[in-house]
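# Structural characterization, general
For reference, the chains in residue letters:
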Amino acid sequence: MELRALSVSEISFYVTKIFEAEEMLHDVKIFGEISTFQIKNGIAYYTLKDVNSIINCITFGAEKYSNIKIGDQVILTGSISYYAKGGKLNFSAYSIVPYGQGEIYKQFLLLKEELEKQKTKELINKYKKEKSRLAIFVTGKENYPEILKKIVTKQVELNNNVC
């Protein structure tokens, strides 16, 4: 028995029909954290994630959800669908209910803050090393007491500017 090859359109149509027929995938609530969010022409396009997974989402009439932002923890109500043209699984939500800031985003902000502190410390250390590198060129025509005074003055300036 020879297997018949299906076209991309045929298999996409078949998968779409499976999702449409499955009652359990309609009018369901899911929760997670918003990781991207944008509204175009009244339609919200966003991704919802948890620690292990991510799903693309869409909401029509999204103007009322303009307060949603990346990092928000939300509960969505809607249906799972398969977008055949893009070959993607989507969650089409008709309700978005925020309930706080997500843990993944909080961890991201803490890590970002720590890296900024580390970078600041590195810059201060680099400045301290660079400020101690002071080159003086003497040609023999200068007034040596005046040169020594300038060196001491410059060193005091540099030390006063260190954080």
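Residues numbered from 1 in each chain as written. Predicted model: local features only at pLDDT ≥ 70, side-chain atom pairs only at ≥ 80, totals over all residues. Heavy atoms only, no water.

## A closer look at the environment of isoleucine 34
With respect to the helices and strands, the residue isoleucine 34 is situated in strand 1 (residues 28-40). Ignoring anything within four residues of it in the chain, the contact list for isoleucine 34 reads Tyr46, Thr47, Leu48, Ile68, Lys69, Ile70, Gly71, Asp72 and Val74. (Helix = DSSP H or I, 4+ residues; strand = E, 2+ residues; numbered from the N terminus. Contact = heavy atoms within 4.5 Å.)

## Quick word on the sheet that holds strand 2 (residues 43-49)
Ordered in space as 1-2-3-5-4, the five strands form a closed barrel in which the pairing is mixed. Neighbour-to-neighbour, the strand axes of the sheet open up by a mean angle of 50 degrees, direction not taken into account. Here strand 2 runs beside strand 3 (residues 54-60); their pairing, made up of seven bridges, is antiparallel. Among the inter-strand pairings, threonine 47 is bridged to a residue of strand 3, identified as asparagine 56. Across the sheet, helix 1 (residues 8-21) lies against strand 4 (72-83) and strand 5 (88-101), angled at about 125 degrees from strand 4, the strand it touches most. (Pairing = 2+ DSSP bridges. Axes fitted to C-alpha atoms, helices over the stretch in contact; angles between N-to-C directions.)

## Overview of the confidence of the model for the protein
Looking at the protein, pLDDT values average 81 and 81% of them are 70 or higher. Looking over the protein, one finds the lowest element-wise mean pLDDT in helix 3 (residues 144-160), namely 70, and the highest in strand 3, namely 94. (pLDDT = per-residue confidence, 0-100.)

## Looking at the pairing of strand 4
Extensive coverage of strand 4 is indicated by the burial of nine of its twelve residues. Pairing analysis gives six bridges linking strand 1 to strand 4, with the strands arranged antiparallel. Bridge assignment links glycine 32 to a residue of strand 4, and that residue is valine 74. Taken together, the eleven bridges between strand 4 and strand 5 define a ladder with antiparallel strand orientation. By the bridge assignment, glycine 78 is partnered in strand 5 with alanine 93. Count of turn residues in the strand 4/strand 5 antiparallel hairpin: four residues, of which glycine 87 carries a positive phi of about 65 degrees. (Buried < 20%, exposed > 50% of the residue type's maximum accessible area, 1.4 Å probe, protein only.)

## Overview of unusual backbone geometry
In the Ramachandran plot, aspartate 27 falls in the positive-phi region, its phi being about 55 degrees despite a non-glycine side chain. With a relative accessible area of 52%, aspartate 27 lands in the exposed category. For asparagine 41, which is not glycine, the phi dihedral falls at a positive 50 degrees. Tracing the chain through its elements places asparagine 41 in the loop between strand 1 and strand 2. Judged by relative accessible area, which is 81%, asparagine 41 ranks as exposed.

## A closer look at the side chain of serine 79
Relative to the elements of secondary structure, serine 79 occurs in strand 4. If we ignore the near neighbours within four places in the chain, the residues touching serine 79 are Leu25, His26, Asp27, Asn90, Phe91 and Ser92.

## A few points about a nonpolar patch on the surface
Together, Leu6, Ile11, Tyr14 and Ile18 give the surface a local cluster of nonpolar side chains, amounting to about 390 Å² of exposed area. For tyrosine 14, the position within the fold is in helix 1. (Patch = residues over 30% accessible without salt bridge, like charges linked within 9 Å, V, L, I, M, F, W, Y side chains within 5 Å. Areas by Shrake-Rupley, 256 points an atom, 1.4 Å probe, with all protein chains shown as cover. Salt bridge = Lys/Arg side-chain N within 4 Å of Asp/Glu carboxyl O.)

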